[in-house]
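This is what each chain is made of:
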Amino acid sequence: MSPGNGASNLSTIKSNNRNLILRLLNSMGGISRAELARLTGLTKTSITNIIAELMEEGIIYETGTLDSSSGRKPILLHLRHDAYYALGVLISRDYVYSNIVTLSGDIVSESKIHLELSENEKSFTLSTYQVISDVLKASDIDRNKLLGIGVASVGPLDLKNGIILAPPNFRGLKSIPIVKLIKEKYGIHTFLENDINACAIAEKLFGNAKQVSNYVFVGVGRGIGSGIFLNNMLFRGNNGFAGEIGHITIDIHGQKCACGNMGCLELYASIPNIVNQVRSSVSLGAESALSALDDIRWADVVSAARNGDPLCLKVIDRLTYYLSVGLVNTVNLYDPEVIYLGNDISLVGDLVMNQINELVNGSFLFRASKQIRIELSRFKDYAPCMGAPSIVLYKFFNGEL
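Peer 1: How should I be thinking about the nonpolar core in this particular structure?
Peer 2: Within the largest apolar cluster, 53 residues are counted, with the highest numbers of intra-cluster contacts made by Ile 21, Leu 36, Ile 60, Tyr 215 and Leu 393. If we ignore the near neighbours within four places in the chain, the residues touching Ile 21 are Leu 36, Leu 42, Ile 47, Ile 50, Ile 51 and Leu 54. In terms of nonpolar packing, the next biggest core, distinct from the first, is built from 41 residues, Ile 228, Val 348, Phe 364 and Ile 372 among them.

Laid out in structure tokens, this is it:
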């Protein structure tokens, strides 16, 4: 081994140790040097040197002491949350949203623009620029403290080249080089990620999965997708398309899906499908509190179900059953510790969570030896918004920035 290679390896080891400490500070909050040494296995000298460096850079600070039965009380270390910021852009089928958050995920500013039915690439791009400019102006942060821009978008995506390919029901927009457009406009590092993967990242950094190594985030909205964490790392698959559980076939004799396959889960458990069932039943004369509405929405279905409307309760029960079938397949494939449900399904969470837990834990392959926790995401239907800036912070805490 040449001297140069040895120096390079030492630098890599030091960088990895630094990132490990940052991740622990993010996930655990106030922590002492001694506890960091115990959790990381690093020597006290290594911990002292890295902490001194991080304090000099203004990324961490000391505060208070930890109660101790004997000896010197240890000083607690914390991330300085305003040391850096991340900007997020969420691109949905209906709107473009942007926010800026601190290292701890606290929102500094946010902006949202609804997309028009007649949207074209130019108007879409201008709307994206507008929300970014709005949050930058409203936040008034030091641009030097902005780590980057994370774009969470509906897919499919070309992650390698930063392109939104051709999402279904996306007003005909396709082949949009979103990373290039934003980077050229603002001169800031920009990263693209699938919106559901971004939700899973937010759950890891700031949600209920901080201490969970293997979990699946399942987003149920206009479509159904999942973000998968295995051994604390996001699993994207070979081409970035992993997690498309909405296109698991649950009825080989079912309807044809837009993807070309038959009987996909999305046809039975996506929110538009459920709303359309209610609309169709009402139009055919079914009794419901929603019969007088001209345009029935998901929020209307949820509200009526909470008030005991038989029709709405029936279709939500159907959603619960088919979603549980998809979750059983997911458990059998990935063996997660927890499944987190987020996006639009969160609005009806209290009505379905017990039944979903019972159905899944009564059906997956190894149910005799373990139980799967199925919980709502900490961020509920806000998960994609929180996911966008988390793309950047995930890279920061893993030493990619």
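Having seen the structure, we can now continue with the description.
Peer 1: Help me understand the pairing of strand β7 (residues 146–153) in this model?
Peer 2: Looking along a regular strand, one sees the side chains alternate between the two faces of the sheet. Across the eight residues of β7, eight count as buried, placing the element largely inside the fold. Here β7 runs beside strand β10 (residues 190–194); their pairing, made up of five bridges, is parallel. If you follow Ile 149 over to β10, its bridge partner there is Thr 190.

Peer 1: I tried to follow the sheet that holds strand β6 (residues 107–114) on my own but got confused; where do I start?
Peer 2: Within a sheet, each strand pairs with its neighbour through backbone hydrogen bonds, oriented either parallel or antiparallel. In space, the five strands of this open sheet follow the order β6-β5-β4-β7-β10, with mixed pairing throughout. Each having just a single partner strand, β6 and β10 make up the two edges of the open sheet. Put simply, the sheet's adjacent strands are angled 15 degrees from each other on average, direction ignored. With respect to the sheet, helix α6 (residues 195–206) is in contact with β4 (85–91), β7 and β10, its orientation differing from that of β10 by roughly 100 degrees.

Peer 1: It is not clear to me how the side chain of Ser 377 should be interpreted in this structure. Could you clarify?
Peer 2: Inspection of the secondary structure assignment puts Ser 377 in the loop between β15 (373–376) and α12 (383–397). On the accessibility criterion, Ser 377 (2% relative accessible area) is buried. A polar contact is formed between the side chain of Ser 377 and the backbone nitrogen of Phe 379, at a distance of 3.0 Å. If near-sequence neighbours (up to four positions away) are discounted, Ser 377 is found in contact with Glu 203, Asn 208, Phe 217, Tyr 340, Leu 341, Gly 342 and Ala 383.

Basis of the calculations
- Residues numbered from 1 in each chain as written.
- Predicted model: local features only at pLDDT ≥ 70, side-chain atom pairs only at ≥ 80, totals over all residues.
- Heavy atoms only, no water.
- Core = buried A, V, L, I, M, F, W, Y, C linked by side-chain atoms within 4.5 Å.
- Buried < 20%, exposed > 50% of the residue type's maximum accessible area, 1.4 Å probe, protein only.
- Contact = heavy atoms within 4.5 Å.
- Helix = DSSP H or I, 4+ residues; strand = E, 2+ residues; numbered from the N terminus.
- Pairing = 2+ DSSP bridges.
- Axes fitted to C-alpha atoms, helices over the stretch in contact; angles between N-to-C directions.
- Polar contact = N/O pair within 3.5 Å; in protein donor to acceptor, adjacent residues only side chain to side chain.

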